[in-house]
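# Examining the three-dimensional arrangement
These are the residues of each chain, in order.
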Amino acid sequence: MPTDAEVRAAAFLWLGQQVGRHGDVLGWKALLRGFELGGERVPLLSQQGIFKPRLCELPLSIRTSVRSPYDDTLVDDRLAYAYMGRDPDHWQNAGLRRAWLERVPLVYFFGVAPGRYMPVWPAYIVDDEPDELRFWVQAEVGTLALGGAQVTASLQGEDLVEESFTRQYATRLMRQRLHQRGFSERVLEAYRVRCCICRLGHRELLDAAHIVPDADGGAPVVPNGLALCKIHHASFDAGVLGIEPERLRVRIRPDVLEEIDGPMLRHGLQELEGERIWVPRAAGKRPDPECLEKRWQSFRARAS
Ligand SMILES: [Zn+2]
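These remarks concern the structure in this document.

Quick notes on the rules
Residues numbered from 1 in each chain as written. Predicted model: local features only at pLDDT ≥ 70, side-chain atom pairs only at ≥ 80, totals over all residues. Heavy atoms only, no water. Patch = residues over 30% accessible without salt bridge, like charges linked within 9 Å, V, L, I, M, F, W, Y side chains within 5 Å. Areas by Shrake-Rupley, 256 points an atom, 1.4 Å probe, with all protein chains shown as cover. Salt bridge = Lys/Arg side-chain N within 4 Å of Asp/Glu carboxyl O. Lys, Arg positive; Asp, Glu negative; His and termini not counted. Charge placed at Lys NZ, Arg CZ, Asp CG, Glu CD. Helix = DSSP H or I, 4+ residues; strand = E, 2+ residues; numbered from the N terminus. Expected span 1.5 Å × (residues − 1). Buried < 20%, exposed > 50% of the residue type's maximum accessible area, 1.4 Å probe, protein only. Donors = N, O, S within 2.8 Å, 3.2 Å for Na, K, Ca; no water.

Attention now goes to a positive patch on the surface. A contiguous patch of positive charge, built from R192, R194, R199 and R281, is present on the exposed surface. Tracing the chain through its elements places R194 in the loop between α4 (163-190) and β11 (206-210).

Structure, rendered in structure tokens:
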């Protein structure tokens, strides 16, 4: 029988592979199926928030659903995690308490859209507040700093010189990533996972673009977003392509319209001149006219 530490290490490795293959948001089904170790299936989560696979002695993962507002739970670079029920000694709470005392690394699954989770690991329980019925969690530098590809920090975190500093940094980074992932999941969902310009429908080739950029104070909300394929996102950001706010028409920069080149330029850009973009039917999800106007002005300024 594999030990708890072996199962945990295998789970981290498996997650790293999944993230490498599918990006840093994973589907419920794959996580529920998990992987095989020593002839036994190891799921990564379950219906319950605190999850302990049969092969583990202590919980392996904690999970928040997309409905939990994570903003409210982040205080001083630590995340609050509510107890299971109201009994501090419920076996799941007791398990997490042991994970805290024994410094056992966990996976934190954040719901960013229905059935879709961003895993963060290794995450540690750093405090316990029985009176408030909650634990406090911090992320560790590992998956985060490297865009989710690999776990590099040691499982115990002993190699980290300034541990509390790196944890603060990692937790802040995690929050930023959560915002981004939440934004892109919501935008892609609103646009039915298709580019609003060319209708390409491959999730791995799509981005959620900000209409008013992040750097200019654009909020990470659906009305400030557009689902765009990689080429149209890059064209939008480079000022090669703009969107006329009132008529929602695609406009290609005049000098690019006159160029002569291969099929990508012709079909992918020039022929889209004047085409109407597809926007969600729900009023609350459509692009905000003010955001479009602001972006349009900067497109025009750059194009002239
Ligand atoms: Zn496109």
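So, about helix α1 (residues 4-22). Spanning 19 residues, α1 covers 26 Å between terminal C-alpha atoms, matching the ideal 27 Å at 1.5 Å per step. Those residues of α1 lying buried are D4, V7, R8, A10, A11, F12, W14, L15, G16, Q18 and V19. Once α1 ends, the next one or two residues include G23, with phi positive near 90°.

In an ideal tetrahedron of four donors about a metal, each angle is 109.5 degrees. In an ideal octahedron of six donors, the angles are 90 or 180 degrees. With distances of 2.1 to 2.3 Å, the protein atoms coordinating the zinc ion are C195 (SG), C198 (SG), C229 (SG) and H232 (ND1). Along the chain, the residues donating to the zinc ion fall in the pattern C-x2-C-x30-C-x2-H. Of this pair, C198 sits in the loop between α4 and β11 while H232 sits in helix α5 (residues 230-238); the two residues are 34 residues apart in sequence, bridging distant segments of the chain. On the basis of relative accessible area, H232 is assigned to the buried category, the value being 2%.

Another point: unusual backbone geometry. In the segment running from W121 into P122, the intervening peptide bond is cis, with an omega of -10°. Among the secondary structure elements, P122 is positioned in strand β9 (residues 116-129). In this structure, R192 takes a positive phi of about 50° despite not being glycine. The phi torsion at L248 lies on the positive side, around 55°, for a residue other than glycine. Its place among the elements puts L248 in the loop between β13 (241-244) and β14 (249-252). For L248, a relative accessible area of 10% corresponds to the buried category.

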